[in-house]
Amino acid sequence: MAPRGSSWLANEGGKHLCLLFWLSLNVWLFWKTFLLYYHGPQYYYLRQMLGLGLCISRASASVLNLNCSMVLLPMCRILLAFLRGSQKVASRKTRRLLDKSKTFHVTCGVTICVFSALHVAAHLVNVLNFSVNYTEEFLALNAANYRDEDPRKLLFTTVPALTGVLMVLVLFLMCTASTYAIRLSNYDIFWYTHNLFFVFYVLLLVHVSRGVLKYQTNLEEHPPGCFHPNTTLQEDIPVPGPFEEPFPEYAPDPFPAEPEPFVQNNFVRICTEEPKFQSHFPETWLWISGPLCLYCAERLYRYIRSYKPVTITSVISHPSNVLELRMRKENFKARPGQYIILHCPRVSALESHPFTLTMCPTDTKATFGVHLKIVGDWTERFRDLLLLHSSQDTEILPNFQQRNYPNDDWQCYKLRRLYFIWVCREIQSFRWFADLLCMLHNKLWQENRPDYINIQLYLSQTDGIQKIIGEQYQVLNSRLLIGRPRWKLLFDEIAKCNRQKTVGVFCCGPNEISKVLHKLSNSSNSYGTRFEYNKESFS
């Protein structure tokens, strides 16, 4: 019997390990930056002026730099496809992690939203403190021009603040348009607003180019909190509250045993010159320039590669709003399970969608095809374009995502039995692949392998017992069941027939079914069978 939890470790162990590493990296980076600005002597005067707002704003900025650089990498599809096909990534677990790249992209996006809100809140406090704690003693350090200056003026007249406001607006549009309701109702809104990422990154680079927060450069000549004898102190000049605090314990030298007459008791050490401040060299471009250039280069490469003409050989309309599209492209090669990305300029200049190949080219036949479910505005316009214009010169530009797997990795695996379970609401939906399933069944019977494939068809919604029309579908009619599958019993039956073996579970369907199958795959059983869960991924 396999150890309890082996299925969970096989399906979730790598994902949670990567998530833990990413989370630890974010926490470490936030805490490291926070402590730097909280204890660093070069930030003493700035910290006395701004308080904790300085530490929180800089710590959140470090996390934002990390995630703004990593959020683009999961969208580099060609790079991920290359890694899948590389011999260095021969592990099935590693490839399943690569298939979850979209989930990681969403995770980084949510993190950017959360820490952007924290960053904005901290900087609002900083703007207020710049105005309230203004002092003429540190003119180079002040962002305000005078005491009690209107904070709104600082927000809309300085380059960092203005670009920050614009980035918040762009990020708000991208986040709200990324919700499931918007993507389902109008995918165009999601697509076009998501392409504002380029504007966001340009604003980000400009945002950090004008450093408002400055650090002290002459710590040896002017230790934080020391007294400069050439400075005349007037008792009638009020000192801002934050600067009345005792000076830090990290002053280099102790207070002299017998201070000079002009040295007051508040001061720790006499300095030789006034403090000098300088803006930080912007580091954000070091974080994002590499991933941004990589992503832009990939987009350009995909555009160039997709510009080869495609010939549409046939368009077949199936029941239940399904369209079958068969095409031909020069030097196009594919394997079962791969997908293409359809981009039609007449429908949308930028929008494109992935579709799993339902027909692959062979050595004798170069035609390949996909089935499209008409569920959105893009597919509706695409269908109208194809059905109204039956000419063969329609501008369809597929991008093929090469998902090559190392052949050596699969030589030790042999498929013993295939359980094909298909759930549909309408009886007509089964006719999409009815001919193919019947042909496969007859071929296996001729080869004396009738038990190689177990076909179960479930009709979830019906007013009575129905059958697939046609005598040629009699084989499928006998396998048609009414209702929904009892997944737990199915998993137990498969586990019983495959004791101490590994069973691959492949799901292509709605999230509700995927969650059930995922949960059952992770659960343990008394037969020692391990289920490896896989879900259709277009990442």
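Residues numbered from 1 in each chain as written. Predicted model: local features only at pLDDT ≥ 70, side-chain atom pairs only at ≥ 80, totals over all residues. Heavy atoms only, no water.

Student: Please clarify how the confidence of the model for the protein chain should be interpreted in this entry.
Tutor: Low-pLDDT portions of the prediction should not be read for the details of their coordinates. Scored by pLDDT, the protein chain has a mean of 80; 83% of the residues are at 70 or more. Mean pLDDT across the elements of the protein chain bottoms out in strand S8 (residues 399-401) (47) and peaks in helix H3 (residues 52-70) (94). Segment residues 391-411 is flagged for pLDDT under 50; beyond a separation of four residues in sequence, or across chains, it makes 80 contacts in the model. (pLDDT = per-residue confidence, 0-100. Helix = DSSP H or I, 4+ residues; strand = E, 2+ residues; numbered from the N terminus. Contact = heavy atoms within 4.5 Å.)

Student: Which parts of the structure should I look at to understand the environment of Tyr452?
Tutor: Along the chain, Tyr452 turns up in the loop between helix H14 (434-446) and strand S10 (453-459). Residue classification places Tyr452 among the partly exposed residues on the basis of a relative accessible area of 23%. Between the alpha carbons of Tyr452 and Leu415 there is a distance of 9.0 Å; along the sequence they are 37 residues apart. Residues in contact with Tyr452, not counting those within four places in the same chain, are Leu415, Arg416, Arg417, Leu418 and Leu444. (Buried < 20%, exposed > 50% of the residue type's maximum accessible area, 1.4 Å probe, protein only.)

Student: Is there a simple way to think about the packing of helix H1 (residues 6-39) against H3 in this case?
Tutor: Working note: a packed helix pair is described by the angle between its axes plus the distance between those axes. Contact pair H1 / H3: the axes reach a minimum separation of 8 Å and the direction vectors enclose 145°. Here H1 runs over H3; the crossing is right-handed. For the pair H1 and H3, the contacting residues are Trp22, Leu25, Asn26, Leu29, Phe30, Thr33, Phe34, Tyr37 and Tyr38 in the first and Leu52, Leu54, Cys55, Ile56, Arg58, Ala59, Ser60, Ser62, Val63, Leu66, Asn67 and Met70 in the second. Classifying every residue of the contact of H1 with H3 by side-chain character gives 15 nonpolar, five polar and one charged. (Axes fitted to C-alpha atoms, helices over the stretch in contact; angles between N-to-C directions. Left-handed = near helix turned anticlockwise from the far one by under 90°. Nonpolar A, V, L, I, M, F, W, Y, C, P; charged D, E, K, R; others polar.)

Student: How should the pattern of salt bridges be read in this particular structure?
Tutor: Close approach of charged atoms lets side chains of opposite charge pair. Inspection of the entire model under this criterion finds 10 salt bridges. Residue Glu149 is joined to Lys153 by a salt bridge in which the shortest nitrogen-to-oxygen separation is 3.8 Å. Overall, Glu149 belongs to the buried group, its relative accessible area being 2%. Across the pair Arg381 and Asp377 runs a salt bridge whose closest N-O atoms are separated by 4.0 Å. On the criterion of helical spacing, the pair formed by Arg381 and Asp377 is a turn pair, its members being four residues apart in helix H13 (residues 377-388). The partly exposed category is assigned to Arg381, whose relative accessible area is 30%. (Salt bridge = Lys/Arg side-chain N within 4 Å of Asp/Glu carboxyl O.)

Student: Please explain the environment of Ser523 as it appears in this structure.
Tutor: Within the secondary structure, Ser523 is located in the loop between helix H17 (511-522) and strand S13 (530-535). On the basis of relative accessibility, which here comes to 27%, the residue Ser523 falls in the partly exposed class. At 2.7 Å, the side chain of Ser523 and the backbone oxygen of Leu520 are in polar contact. (Polar contact = N/O pair within 3.5 Å; in protein donor to acceptor, adjacent residues only side chain to side chain.)

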